[in-house]
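# Overview (structure and organization)
Listed below are the residues making up each chain.
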Amino acid sequence: MKTIYFCSTNNWKKIKLQKDISQYSKNILLEIVDFEINEIQDINCENVSKNKVIEVYKKINKPCIAMDSWLYISSLNNFPWSYVKMTLETIWIIWIMELIKNKSDKQFEIRNCLSYYDWENLKQFTEVINWNISNEIYPLINNDYAWSDLYKIIIPNWYNITLAEMTNDIYLEWDKKRIINWMTKQFIEWFEK
């Protein structure tokens, strides 16, 4: 079994990644390291993820992975790009809803990038998930998988409810459907070759 280190201060990412790797690989042990990394500001998620993983490696000198996400709302000229956390901490979902309320196009995509680095190899794995923004904010979160208030306004393309409305069972059903092009699956398949 090989140990890989994952650095994040986002509890949802830590829990999700540990669960996914343990479920889909018996050859990888994921260890969590929890410290802040000075992130570069870039509208390209791959650049941010790459920079993160190199910075983590400099601190621990062990094989490691880092993740980053970015969000493109097409009717808002692809805002907020890689500035998802900052956007959610400053304008909140209520203002996202206000910005798009009169827009006919409520589609957007989330791109996630997982970067692996071990001094010899720098590999990146990206997934794209397409969504719609709901017409209203769902007030509650009905499952154990929510990592932000975005869950209250985002609807996967093949569903008609927000992620917040999904029960744990429905959420896990959705999660299995999205696994086809999933970045963690891509990483596991590459790593175990």
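Residues numbered from 1 in each chain as written. Predicted model: local features only at pLDDT ≥ 70, side-chain atom pairs only at ≥ 80, totals over all residues. Heavy atoms only, no water.

## Quick notes on the side chain of Thr184
Filter applied, for reference: Only DSSP runs of H or I with at least four residues qualify as helices, and only runs of E with at least two residues qualify as strands; both kinds are numbered from the N terminus onward. Note on contacts: a residue pair qualifies if any of its non-hydrogen atoms lie within 4.5 Å across the two residues.
One can find Thr184 in helix H6 (residues 183–191). Excluding residues within four positions of it along the chain, Thr184 makes contact with Leu17, Asp20, Ile21 and Leu114.

## Topic: the layout of surface pockets
How we decide: Two kinds of site are reported from a 1 Å grid over the protein atoms alone, namely cavities, where a 1.4 Å probe fits but cannot get out, and pockets, open sets with protein on both sides within 12 Å along at least five of seven lines, and residues are called lining when an atom falls within 4 Å of a point. Grid points are joined across faces, edges and corners, and a volume is the space filled by probe spheres set on the points.
When its volume is computed, the largest pocket comes out at roughly 1,000 Å³. For the lining of the largest pocket, the element with the highest residue contribution is strand E3 (residues 64–73), accounting for 6 residues.

## A look at the pattern of salt bridges
Put simply, the rule is: Salt bridge criterion: a side-chain nitrogen from Lys or Arg within 4 Å of a carboxyl oxygen from Asp or Glu. Any residue under 20% of the maximum accessible area for its type is buried, any over 50% is exposed, and the rest in between are partly exposed; the area is computed with a 1.4 Å probe on protein chains only.
On inspection of all chains with the given rule, the structure shows 8 salt bridges. Of the charged contacts, one joins Lys52 and Glu39 as a salt bridge, the two residues approaching to 3.3 Å between their closest N and O atoms. With Lys52 in helix H2 (residues 45–60) and Glu39 in the loop between strand E2 (28–33) and H2, this pair connects stretches of sequence that are 13 residues apart. Look at Glu39 and you get partly exposed, because its relative accessible area is 40%. Between Arg111 and Glu109 there is a salt bridge; the shortest N-O distance is 2.5 Å.

## Focus on the pairing of strand E6 (residues 122–133)
The cut-off we apply is this: A strand pair is defined by DSSP finding two or more bridges across the two strands.
Across 11 bridges, the pairing between strand E5 (residues 107–117) and E6 is antiparallel. The residue bridging Glu109 from the neighbouring strand is Asn130, located in E6. Here E5 folds back onto E6 in antiparallel fashion, the turn holding 4 residues, of which Trp119 has a positive phi close to 85 degrees. For E6 and strand E7 (residues 154–156), the ladder comprises 3 bridges, and the chain directions are antiparallel. Across the sheet, the residue bridging to Ile133 is Ile154, located in E7.

## What about a nonpolar patch on the surface?
To be explicit about the condition: Exposure above 30% relative accessible area and the absence of a salt bridge qualify a residue for a patch, where like charges join within 9 Å and nonpolar side chains (Val, Leu, Ile, Met, Phe, Trp, Tyr) within 5 Å. Accessible surface area values rest on a Shrake-Rupley calculation with a 1.4 Å probe, where residue burial reflects the displayed protein chains alone.
A contiguous nonpolar patch, built from Trp92, Ile94, Trp95 and Ile137 and spanning about 430 Å² of accessible area, is present on the exposed surface. With respect to the helices and strands, the residue Trp92 is situated in helix H4 (residues 92–100). Classification of Trp92 as partly exposed rests on a relative accessible area of 47%.

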